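For reference, the chains in residue letters:
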Amino acid sequence: MTQLFLNASQVVTCAGPARARRGTEQADAVVRDRVGVAVAADGTIAAVAADAALRTDYPAATIVDCAGGVLTPGFVDSHTHAIFGRARYEEQEMRAAGIGYLEIAKRGGGIHASVRDLRSRTADDLAVLATERLRRIAAHGTTTVEIKSGYGLSLESELTTLRVIQRLAAELPLRLVPTFLGAHEVPLEHRETAQDREAYLQRVTEEMIPAVAREGLARFCDVFCEPGVYTVPETRRILGAARAAGLQLKLHADELENGAAAELAAELGATSADHLAAISEQGIRALAAAATVATLLPGTMLFLGRPRQAPARALIAAGVPVALASDFNPGTSPTVNFPLVLTLGVSQLRLSVAEAFVAATVNGAAALGLAHRIGQITPGFAADLALFDVRDHREIPYWYGDRRCQRTWVGGRPVHAG
Ligand code: NIG
Ligand code: FE
């Protein structure tokens, strides 16, 4: 049965080419007034046209009343670490007292604390925790969520994490995209000597990646490439093994300190380079010459209390497509609120509202290799939609921290309903 979404004040369509938008292309979210959307029974968008025309063309359709709200493509959150156990609120006060993120990690906290915790939990426990968090994520307008492993750091617990994601993808109406992040940290039991570290690298490249690929548990492989975590040569080696196993590539690149990780992302033709708060001029030039999406995570820098955000304006000026994502994780960005990320995109990264919407939809989709299917309200695309209780789309980043999202749909099926 066709559904007609009628009586919207505006529809943010982001209509245009089915690929990442760069430069001035990113500045147009193609917002249309007084139109409705027809969704076919197969869950794809059939038409975007005046309400009256849709009523005439689809007389038997079911009506969804948008009640004067604003309809947008569901947000595509292309970077999260949503499978974890307990929260890490104690680190917030430690940072406030002047103990930095990497220092907390050196003391066995940070990612290591989440690793200890995750390893002690069952898959069922992790699935229950993640389901509740994903429900909140969807309630803020997100319909696609990339989820990384990386709090297991052993063959068994990394596979458990990815199998939980696979199970949630089958159970929940959201679109989930799994990423293997076995190189999120070097686990504590592999840090004594250089041989210990080498043994873990071998485990990642020779055991974990082949096992993940064999079971079809991940679409991407990511590495935390950062001074003090994984070096550029180690990252090149891990991602080389991932590519050989058929995985696509992502990097946590130049997040806290510059380590020429963006250059590596460009060299490898990674689908996305994420964070980039410490990217260099050279790194920007390298990304501009590549097809890699720059995924910026302004919530992370905000939550860590760091003064420097990624140079979004310079990236856009250089012609690099910019995506926004939440980085939802227990250590550096515990937010489920994607509209808040839009706010930060405008206030901290100095994006226009249109650039922020494109970053959250089409370019997020491109960062997942899905720009041909999701991220736009255009005929032929999946009907992944979010309805907001505002009259103008610019209010969505404006009422910061609020939850104006009323309903979300994936493939025309309700995910969150009020
Ligand atoms: O994207 N940088 C590495 N990973 C996460 C943080 C993970 C954690 O602290 O638990 C990030 O910031
Ligand atoms: Fe991250």
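Along every chain, residues carry numbers that run from 1 in the direction the sequence is written. To read the labels, note that chains go from A and ligands from 1, taken in the order they are written. Restriction of local features to residues with pLDDT of at least 70 applies here, the model being predicted, together with a cutoff of 80 or more for giving and counting side-chain atom pairs; totals for whole chains, interfaces and linings are based on all residues. Hydrogens and water are ignored here; the side-chain numbers use all heavy atoms of the structure.

Around ligand 1, 16 residues are found, and the nearest of them are Y101, Y151, H184, E255 and T332. The separation between an oxygen atom of ligand 1 and a polar side-chain atom of Y151 is 2.6 Å. What qualifies as a polar contact is a pair of N or O atoms within 3.5 Å, subject to a donor-acceptor requirement within protein and to the restriction that residues adjacent in sequence count only when both atoms come from side chains. At a separation of 3.1 Å, an oxygen atom of ligand 1 approaches a polar side-chain atom of H252. Here the open area of atoms and residues is found with the Shrake-Rupley method and a 1.4 Å probe, where only the protein chains shown may cover a residue. Contact with the protein chains hides 100% of the accessible area of ligand 1, taken as 330 Å² for the molecule alone. The rule is simple: put a 1 Å grid over the protein atoms alone, call a set of points where a 1.4 Å probe fits but cannot get out a cavity, call an open set with protein on both sides within 12 Å along at least five of seven lines a pocket, and count a residue as lining if it has an atom within 4 Å of a point. Those molecules having more than half of their atoms within 2 Å of a cavity or pocket grid point set are described as sitting in that cavity or pocket. Comparing atom positions with the cavity grids shows ligand 1 to sit within the largest cavity. Tallied by class, residues from the shell around ligand 1 come to four nonpolar, nine polar and three charged. One heavy atom within 4 Å of a molecule or strand is enough for the residue carrying it to be called near that molecule or strand. By the convention adopted, Pro, Cys, Tyr, Trp, Phe, Met, Ile, Leu, Val and Ala count as nonpolar, Lys, Arg, Asp and Glu as charged, and the other residues, Gly among them, as polar.

The four strands lie next to each other as β5-β4-β1-β6, forming an open sheet whose pairing is mixed. Edge strands, defined here as strands with exactly one partner in the open sheet, are β5 (45–49) and β6 (62–65). Ignoring strand direction, the axes of neighbouring strands in this sheet form an average angle of 20°. We treat two strands as partners when DSSP finds at least two bridges between them. Secondary structure is summarised from DSSP: a helix means a run of H or I of at least four residues, a strand means a run of E of at least two, and numbering begins at the N terminus for each. Pairing of strand β4 (residues 36–39) with β5, which is carried by four bridges, proceeds in the antiparallel orientation. Its bridge partner lying in β5, G36 is registered against A49. Between N-to-C directions, angles cover 0 to 180 degrees, with each direction set by a line fitted to C-alpha atoms, over the stretch in contact for helices.

Looking now at the packing of helix α7 (residues 194–215) against helix α8 (residues 232–244). With their axes 9 Å apart at the nearest point, α7 and α8 run at an angle of 15° to one another. One finds that α7 runs roughly parallel with respect to α8. The handedness of the crossing between α7 and α8 is right-handed. Residues R197, E198, L201, Q202, V204, T205 and I209 of α7 pack against E234, R237, I238, A241 and A242 of α8. In terms of residue class, the contact of α7 with α8 is made up of six nonpolar, two polar and four charged. The scheme is simple: roughly parallel for angles under 35 degrees, roughly antiparallel for over 145, roughly perpendicular for 65 to 115, oblique for anything else. Note on convention: the crossing is left-handed when the near helix lies turned anticlockwise from the far helix by less than a right angle, right-handed when the turn is clockwise. Throughout, a residue-residue contact means that at least one pair of heavy atoms, one from each residue, lies within 4.5 Å.

Now for the coordination of the iron ion (ligand 2). Think of the donor list as every N, O and S atom within 2.8 Å of the metal, or within 3.2 Å for Na, K and Ca; water never makes the list, so a site can look incomplete. Here the iron ion (ligand 2) is held by the protein donor atoms H79 (NE2), H81 (NE2), H252 (NE2) and D327 (OD), which lie 2.1 to 2.3 Å from it. Sequence spacing of the donor residues for the iron ion (ligand 2), all on one chain, is H-x1-H-x170-H-x74-D. On the criterion of sequence distance, the pair formed by H81 in the loop between β8 (75–77) and α2 (90–96) and H252 in strand β12 (residues 248–253) is long-range, its members being 171 residues apart.

On to the domain arrangement of the chain, then. For the domains described, the bounds stem from an automatic or database domain assignment. For the chain, the assigned domains read domain 1 (3–73 + 374–417) and domain 2 (75–366). On a C-alpha basis, the centres of domain 1 and domain 2 stand 29 Å from each other. Contacts between the two partners involve 38 residues from domain 1, matched on the other side by 36 residues from domain 2. Buried area: the sum, over both parts, of the accessible surface (1.4 Å probe) that disappears when the two are put together. Summing both sides of the interface, domain 1 and domain 2 together bury roughly 2,900 Å²; the carbon and sulfur share of this comes to 68%. Area buried by domain 1 at its contact with domain 2 is led by R22, Q26 and P397, which between them contribute 23% of it. Salt bridge, as applied in this entry: a Lys or Arg side-chain nitrogen positioned within 4 Å of an Asp or Glu carboxyl oxygen. There are one salt bridge connecting domain 1 and domain 2. In this structure, the salt-bridge partner of D384 is R175, at a minimum N-O distance of 2.6 Å. The interface formed by domain 1 and domain 2 contains 10 residue pairs in polar contact (both at pLDDT 80 or more). Ranked by residue count, the leading element in the side of domain 1 that touches domain 2 is strand β17 (residues 405–410), at four residues. Here the side of domain 1 that touches domain 2 is composed, by residue class, of 19 nonpolar, 10 polar and nine charged.

Moving on, we come to the pattern of salt bridges. Using the criterion set out here, one finds 24 salt bridges in the structure. One salt bridge in this structure joins D124 and R167, with 2.9 Å as the shortest N-O distance. Linking D124 in helix α5 (residues 123–138) with R167 in helix α6 (residues 155–171), this pair joins segments that are 43 residues apart in sequence. The partly exposed category is assigned to D124, whose relative accessible area is 48%. R136 is paired through a salt bridge with E132; the nearest N and O atoms lie 3.1 Å apart. Taken as a pair, R136 and E132 lie in helix α5 at a separation of four residues, close to a single helical turn. Through salt bridges that share partners, D117, R121 and D125 make up one connected network. Type-normalised accessible area, obtained with a 1.4 Å probe on protein chains alone, sets the label of each residue: buried when under 20%, exposed when over 50%, and partly exposed for intermediate values.

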